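Given next are the chains, with one letter for each unit.
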Amino acid sequence: MRVLIIALPGIGDALLSTPAIHTLRERYQDAQIDVLCMFRGTKEILVANKDISNVIYWDFINASWIKSLNFVISLRKKYDVCINIYPQNRREYNIISYLIGAPKRMGIQYLRRDKRNLGWLLNCRIREDDSLHCVEENYNLLEFFGINNSEIPPLQLTITQDFEDWSKHWLQEQNISGADLVIGIHAGTAIFKNHLKRRWEPEKFTQLGNALIDKYNARILLFGGPEETELRETINNRMDRKGVVVRTDSLMQSIAIMKRCNIFVSNDSALMHIAGALQLPTLGIFGPTNETYVHPWRTKYKIVHTDIECRPCFYYSPKPLTCYRSADEQFKCIHDLSVEMVLNSTKELLTKKGNLVDKNP
C-alpha cells in the first residue's frame with residue numbers, strides 16, 4: 001500500500017497528525033507512507049520520524065504556479081491513498097489531492113465553507129466535530145483503514161543524538177546547570193491570515209520574565225524563528241535581568257534546547273505543540289483560537305484565556321482572522337489577559353512539577 005499524507009498547513013498542524021501516522025505504521029508495517037509538506041520546519045521535525053518512508057518538500061508559497069503544477073503532476077498515480085490532514089480547509093489542498101489521483105482521497109468534511117473550498121473532491125470523508133482535538137480528528141480518519149483504537153499515542157518527535165550533543169554544548173556555553181530552573185518562552189505565532197493578532201503583548205512577556213526571575217531566580221530562554229528575532233530581542237532588552245535569546249541554525253537545534261526547559265510558556269503556536277511533544281509542562285496563552293482543538297497533547301498543561309463572551313471565534317478556513325468588536329475593543333480576548341493571570345498559572349504548573357523554589361516569598 002502506498003499512502004501520501006498531505007501536510008501542507010503549519011508545523012504544529014503536521015505534528016498533530018503524527019499519532020495517526022504512528023498507528024497507521026504499526027498496522028501496515030510494509031506500507032510506503034510518505035508525507036508532502038511545504039515548510040522547511042515541517043520537514044525538519046518529520047525527517048527523523050521512523051514511521052515515515054519519505055518526506056517530500058515543495059515550496060508552494062514561493063514557487064511559480066506552473067512549477068508547482070508540474071510538481072504535483074509528477075506525483076500523479078503514484079499512491080493508492082491520499083490523506084489531507086486536519087485542518088486543511090482550503091480549495092488548493094483539495095485540488096492537489098485530486099490531481100495526484102489516488103483512488104482513495106481521505107479528509108474531513110468541514111462544518112463551515114466546505115463546498116466553496118471544494119471539499120467534495122475528496123471521496124472518503126468524516127464529518128468535522130467541534131468537540132474534538134485536532135489529534136482526534138486526524139485519528140478518526142483511520143476508520144477508513146479499519147482501525148478503531150481507543151488509546152491514541154502521544155505526538156511523535158525524534159531528537160537525534162547529534163542534536164542532543166549540540167544542545168549539551170550550547171547549555172554549557174550559557175552556564176546553565178542541571179540545578180537551574182529554566183523557563184522557555186515563545187512570544188510569537190504564525191503570521192499568515194492575520195494571526196499576528198493572536199500574540200500576547202511583548203511588554204507583558206517582559207513583565208512576566210522579570211517576575212519569574214525576581215521570584216524564582218529562573219533562567220529565561222526566549223525561543224522563536226528567524227522572523228521573530230527582533231521581537232525576542234526587544235523583550236529581552238527591556239527585562240531588568242537579561243534572559244537568553246536562543247539563536248540557532250535550525251528548528252531541531254532549538255527543539256533540542258527546549259528539552260532542557262522545566263516549563264514552557266507560549267502563545268498558541270507550533271512551539272507550544274513541540275513543547276507538548278517533549279512532555280514539558282506547557283502553559284498556553286489563548287485569545288481568539290479554540291483550546292479544545294489545539295491544547296497541548298498528552299502532557300501537563302494549563303490554558304490561560306479570558307471569559308469574554310465572543311471567544312473562541314476562530315474556525316478553520318482560508319478566511320483571515322478578524323475581530324468583530326468595536327474599534328477600541330479589537331482582540332479584547334488577548335489584550336485583557338493580565339501578567340498576573342499568566343504568572344499565577346505558571347506557578348501552578350511549576351508547583352505540580354515539584355521544582356518550585358520561591359526566592360522572594
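Coordinates for the structure precede this section.
Throughout, a residue's number is its position along its own chain's written sequence, starting from 1. For this predicted model, a pLDDT threshold of at least 70 governs which residues receive local features, and a threshold of 80 or more governs which side-chain atom pairs are given and counted, while totals over whole chains, interfaces and linings are taken from all residues. No hydrogens and no water enter the side-chain calculation; it runs on all heavy atoms of the structure.

Enquirer: What's the story with the overall build of the protein chain in this structure? I'm lost.
Expert: A run of DSSP states H or I qualifies as a helix once it reaches four residues; a run of E qualifies as a strand once it reaches two. Both are numbered from the N-terminal end. Scanning the protein chain from N- to C-terminus turns up 14 helices and twelve strands. Here the C-alpha coordinates of the protein chain stretch approximately 65 × 50 × 40 Å along the principal axes. Only protein chains enter the accessibility calculation, which uses a 1.4 Å probe; a residue is then buried when its area is under 20% of its type maximum, exposed when over 50%, and partly exposed in between. Split into buried and exposed, the 361 residues of the protein chain put 56% on the buried side. By definition, residues are in contact when any of their heavy atoms lie within 4.5 Å. In the protein chain, once contacts between residues fewer than 6 apart in sequence are set aside, the share between residues at least 24 apart is 64%. Accessible surface for the protein chain amounts to roughly 16100 Å². Of this, 49% is attributable to carbon and sulfur atoms. Taking the average place of the 46 positive charges on the side chains of the protein chain and the average place of its 41 negative ones, the gap between the two points comes to 4 Å. We get accessible surface area from the Shrake-Rupley algorithm with a probe of 1.4 Å; when it comes to residues, only the shown protein chains can shield them. By the counting scheme adopted, Arg and Lys are positive, Glu and Asp are negative, and His together with the chain ends is not counted. To locate a charge, take atom NZ for lysine, CZ for arginine, CG for aspartate or CD for glutamate.

Enquirer: Please explain unusual backbone geometry as it appears in this structure.
Expert: Glycine aside, residues mostly have negative phi, and peptide bonds are mostly found in the trans state. For the bond from Tyr 86 to Pro 87, the omega torsion is 0 degrees, close enough to zero to count as cis. Topologically, Pro 87 is positioned in the loop between β4 (81-84) and α5 (91-100). Residue Pro 312 is reached from Arg 311 by a cis peptide bond, and omega for that bond is -5 degrees. Positionally, Pro 312 belongs in the loop between β12 (301-304) and α13 (332-335). One non-glycine residue with positive phi stands out, namely Asn 194, at about 70 degrees. Here Asn 194 is to be found in the loop between β7 (182-186) and α8 (202-216).

Enquirer: Explanation requested: a nonpolar patch on the surface in the structure shown.
Expert: Distance thresholds for patches are 9 Å for like charges and 5 Å for nonpolar side chains (Val, Leu, Ile, Met, Phe, Trp, Tyr), applied to residues having over 30% relative accessible area and no salt bridge. Whenever a carboxyl oxygen of Asp or Glu lies within 4 Å of a side-chain nitrogen of Lys or Arg, that contact is scored as a salt bridge. On the surface, a nonpolar cluster with roughly 370 Å² of combined accessible area is contributed by Ile 61, Ile 191, Phe 192 and Leu 196. In this fold, Ile 191 is placed in the loop between β7 and α8. The class for Ile 191 is partly exposed, based on a relative accessible area of 46%.

Enquirer: Which parts of the structure should I look at to understand the sheet that holds strand β1 (residues 2-6)?
Expert: Within a sheet, neighbouring strands are paired by backbone hydrogen bonds and run either parallel or antiparallel to one another. We call two strands paired when DSSP finds no fewer than two bridges between them. Taken in spatial order, the six strands of this open sheet run β3-β2-β1-β4-β5-β6, and their pairing is parallel. Each edge of the open sheet is held by one strand with a lone partner, namely β3 (54-57) and β6 (124-127). Averaged over all pairs of adjacent strands, the angle between their axes in this sheet comes to 20 degrees, without regard to strand direction. In this sheet, β3 lies alongside strand β2 (residues 32-37) in parallel orientation, the contact comprising four bridges. If you follow Cys 37 over to β3, its bridge partner there is Tyr 57. For helices, the fitted line uses only the C-alpha atoms of the stretch in contact; every axis is such a line through C-alpha atoms, and the angle between N-to-C directions lies from 0 to 180 degrees.

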